[in-house]
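A look at the structure
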Amino acid sequence: MEEQHKVKGWRDKLAPREKLLLFGPAMLSDAELLALFLRTGVPGMHVMQYAESLLARFGSVHKLITADRQTLCAVKGLGNSKYAQLQAIGEMAHRFYCSHLIRENAMTSPEITRGYLQLLLARREREVFVVMFLDNQHRLISHQEMFQGTVNSVEVHPREILREALKVNAAAIILAHNHPSGKAEPSRADRDVTDLVVKACLFLDIRVLDHLVIGAGEYVSFAEKGWL
């Protein structure tokens, strides 16, 4: 009976479902989580092998979920049905993060904030500058894509950020933008514009809690670096 709970070809490993039931979802690898979603492999390839091959091809679960329809459907074993399911998973994750941010203090749940922004920004092909507007308990009021730029730069106007903050009566803000190159390391321009926004907000007693730079599977937090 015990062998029924083992993955064929992975003699000493539990199948993903049994592993999840015994130890919880956090103990599963990306490949095991993906295998649970896929359920079956393709001819000549077990589902675990297939999951590992997809991750190797796309680079990460995030890149797989956010792949466009044409790219995904061109892969053997995938198609419109799997594409629709993956899109639904991505949207559920987005709504999960958003609902938490609306109810909870953003600064006591930094991983929720990061996850939300990574879903929002990581797949964008051009730089996008987002501002999250928070109330005096640091709960999300709204977020706005304030500025859009090119593949390697975006022009930011602090006055526009202040105008929107006053409109929604925000007590604090979190800044975020993406680096389409995938590297999250902030540029000198990123640090300069952050300083400008911080100084502008001081006059209206609005706190800048963080500036997050989002890359491909990585991020840099100005707050964590001690730059704010």
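Quick caveat: nothing in here was measured; it's all calculated off a predicted structure. Every chain is numbered on its own, with residues counted from 1 as its sequence reads. With the structure being a predicted model, the display of local features is reserved for residues of pLDDT at least 70 and the display and counting of side-chain atom pairs for 80 or more, all residues being used for whole-chain, interface and lining totals. Here the side-chain values reflect all heavy atoms present in the structure, with hydrogen atoms and water set aside.

**So, the pairing of strand β3 (residues 128-134)**
Exposure classes here rest on a 1.4 Å probe applied to the protein chains alone. A residue is buried below 20% of its type maximum, exposed above 50%, and partly exposed in between. Here a helix means four or more residues in a row that DSSP labels H or I, a strand means two or more in a row labelled E, and each is numbered from the N terminus. Of all seven residues in β3, seven are buried, a share of seventy percent or more. Side chains Val128, Val130, Met132 and Leu134 of β3 all project onto a buried face; the interleaved residues Phe129, Val131 and Phe133 project onto the opposite face, where all are buried too. Pairing between β3 and strand β4 (residues 140-148): seven bridges, direction antiparallel. When the sheet's bridge partners are listed, Met132 is paired in β4 with His143. The rule for pairing is simple: two strands pair if DSSP sees at least two bridges between them. Hairpin connection between β3 and β4: a loop of five residues separates the two successive antiparallel strands, and His138 in this loop has a positive phi of roughly 60°. Direction of pairing for β3 relative to strand β5 (residues 172-178): antiparallel, over a ladder of six bridges. By the bridge assignment, Val130 is partnered in β5 with Ala176.

**Considering helix α3 (residues 47-58)**
Take the number of residues in a helix, subtract one, and multiply by 1.5 Å to get its expected span. Here α3 contains twelve residues, and its C-alpha end-to-end distance of 16 Å stays within 8% of the 16 Å for a straight helix at 1.5 Å per residue. Gly59 lies just past α3 and shows a positive phi near 105°.

**Re the side chain of His211**
In this structure, His211 sits in strand β6 (residues 207-214). Polar contact is defined as a pair of N or O atoms within 3.5 Å, subject to the rule that within protein one atom must be able to donate a hydrogen and the other to accept it, and that residues adjacent in sequence are counted only when both atoms are side-chain atoms. Polar contacts involving the side chain of His211 include one to the side chain of Thr194, which spans 2.6 Å. When near neighbours in sequence (up to four residues on either side) are disregarded, His211 contacts Phe129, Leu175, Ala176, His177, Asp190, Thr194, Val220, Ser221, Phe222 and Leu228. By the convention used here, residues are in contact when the closest approach between their heavy atoms is within 4.5 Å.

**Considering the nonpolar core**
Taken as a class, soluble globular proteins show a tendency for nonpolar side chains to be buried jointly. Counting residues in each nonpolar core, the largest one holds 21 residues, and the members touching the most others are Leu34, Leu38, Tyr50, Leu54, Phe58, Leu72 and Leu78. If you list the elements that add at least two residues to this core, you get α2 (30-38), α3, α4 (61-65) and α6 (80-103). With seven residues, the top contributor of residues to this core is α3. Once residues within four sequence positions are removed from consideration, Leu72 is found in contact with Phe58, Leu64, Ala67, Leu78, Lys82, Tyr83 and Leu86. Among buried residues, the Ala, Val, Leu, Ile, Met, Phe, Trp, Tyr and Cys ones that are joined through side-chain atoms within 4.5 Å form a nonpolar core.

**What about the sheet that holds β5?**
With mixed pairing, the five strands of this open sheet are ordered in space as β4-β3-β5-β6-β7. Among the strands making up the open sheet, the edge pair consists of β4 and β7 (219-221). Going from strand to strand, the sheet's axes swing by 20° on average, the running direction of each strand aside. Between N-to-C directions, angles span 0 to 180 degrees; the directions come from axes that are lines fitted to C-alpha atoms, helices contributing only their stretch in contact. Lying over the sheet, helix α7 (residues 110-121) contacts β3, β4, β5, β6 and β7, oriented at roughly 145° with respect to β3. Strands β3, β4 and β5 of the sheet are contacted by helix α8 (residues 158-167), whose axis makes an angle of about 155° with β4.

**Thoughts on the packing of helix α1 (residues 16-23) against α2**
One can describe the packing of α1 onto α2 by two numbers: an axis separation of 9 Å at closest approach and a directional angle of 115°. It follows from the interaxial angle that α1 and α2 lie roughly perpendicular. In this structure, α1 meets α2 at a crossing whose hand is left-handed. Of α2, the residues touching α1 (which contributes Pro16, Arg17, Lys19 and Leu20) are Glu32, Ala35 and Leu36. Here roughly perpendicular refers to angles of 65 to 115 degrees, roughly parallel to angles under 35, roughly antiparallel to angles over 145, and oblique to all remaining angles. When the near helix sits turned anticlockwise from the far one by under a right angle, the crossing is termed left-handed; a clockwise turn instead gives a right-handed crossing.

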